[in-house]
Amino acid sequence: MLKLYSKDNPHERIDQVVRTLLDGGVVILPTDTTYALMCHALKERSVERICRIRQIDPREHPLSVICYDMSAISEYAHISNTVYKVMKRNLPGPFTFILPGKNKLPKVFRHRTQGEVGIRMPQCPVLAEIMQQLGAPLMAASLPTDDMAEPEYQTDPELIDEAFGHLVDLTVDAGMGSLGQSTVVDCHDDELYIVRQGDAELQ
């Protein structure tokens, strides 16, 4: 387990996370809602590994991509001017925008008929620092905590590592997490539809 802080992290610690991701590893990282499984989104085998861990069928479930900024989002998803303005007002923050993905993403993201992808840009300094150095998007999925009633197994890094550390290559301890949920917004055809109301109201 690797300890990180919201600022002033030693370069070698951030570098350790980045190297693990570049090597195709799966890492447990914080977001602005909860801890999650993450990998380099452009490494298809790593994405498939997370799908196996979470028992996700990419043909049935849109995969989530975390981007560093708005320009990165436009590299990996088709965004109309209307949707771009809404995203610009609300990001970074606890939102997932469902958008048509671009071919720049690996084939595993395009198994669904319409090729949708969930786009996130969390308000999380630790994650932002890692992504800035990585220079690539991350694929993210929730922790496999369905059968664990204790919320601490989603929020306490030590318990998270105890329960799931054997499934991944590295767990990052960035302090106690929360049990938050992102607000999921379907953005097809410029008609914004709230699929799930989470912690934040769409502005």
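Note: the structure precedes this text.
Trainee: Even after reading the chapter, I still don't get helix α7 (residues 157-164), so can you show me in this structure?
Mentor: Given 3.6 residues to a turn, an α-helix orients residues that are three or four positions apart in the same direction. Regarding α7, the residues found buried are Pro 157, Ile 160, Ala 163 and Phe 164. An end-on view of α7 places all buried positions within 130° of arc, on one side of the element. In α7, the exposed positions angled more than 90 degrees off the buried face are occupied by Glu 158 and Glu 162. For α7, the elements touching its buried residues are β2 (27-30), β3 (35-40), α6 (152-155) and β8 (170-173). With a side-chain oxygen lying 2.9 Å from the backbone nitrogen of Glu 158, the N-terminal cap of α7 falls on Asp 156.

Trainee: How should I be thinking about the layout of surface pockets in this particular structure?
Mentor: The gaps left among the atoms become clear once a water-sized probe is rolled over them. Considered as a void within the structure, the largest pocket measures approximately 750 Å³ in volume. What lines the largest pocket is a set of 31 residues, and nearest its centre among them are Ser 64, Ala 141, Ser 142, Ser 182 and Arg 196. When contributions to the lining of the largest pocket are tallied by element, the ones reaching two or more residues are β3, β5 (93-100), β6 (116-121), β7 (138-142), β9 (183-186) and β10 (193-196). Of all the elements, β7 adds the most residues to the lining of the largest pocket, at four residues. For the lining of the largest pocket, a count of residues per class yields 13 nonpolar, 13 polar and five charged.

Parameters at a glance
Residues numbered from 1 in each chain as written. Predicted model: local features only at pLDDT ≥ 70, side-chain atom pairs only at ≥ 80, totals over all residues. Heavy atoms only, no water. Buried < 20%, exposed > 50% of the residue type's maximum accessible area, 1.4 Å probe, protein only. Helix = DSSP H or I, 4+ residues; strand = E, 2+ residues; numbered from the N terminus. Arc of directions from axis to C-beta. Contact = heavy atoms within 4.5 Å. Polar contact = N/O pair within 3.5 Å; in protein donor to acceptor, adjacent residues only side chain to side chain. 1 Å grid on protein atoms, 1.4 Å probe; cavity = no way out; pocket = protein on both sides within 12 Å on 5 of 7 lines; lining within 4 Å. Points joined across faces, edges and corners; volume = space filled by probe spheres on them. Nonpolar A, V, L, I, M, F, W, Y, C, P; charged D, E, K, R; others polar.

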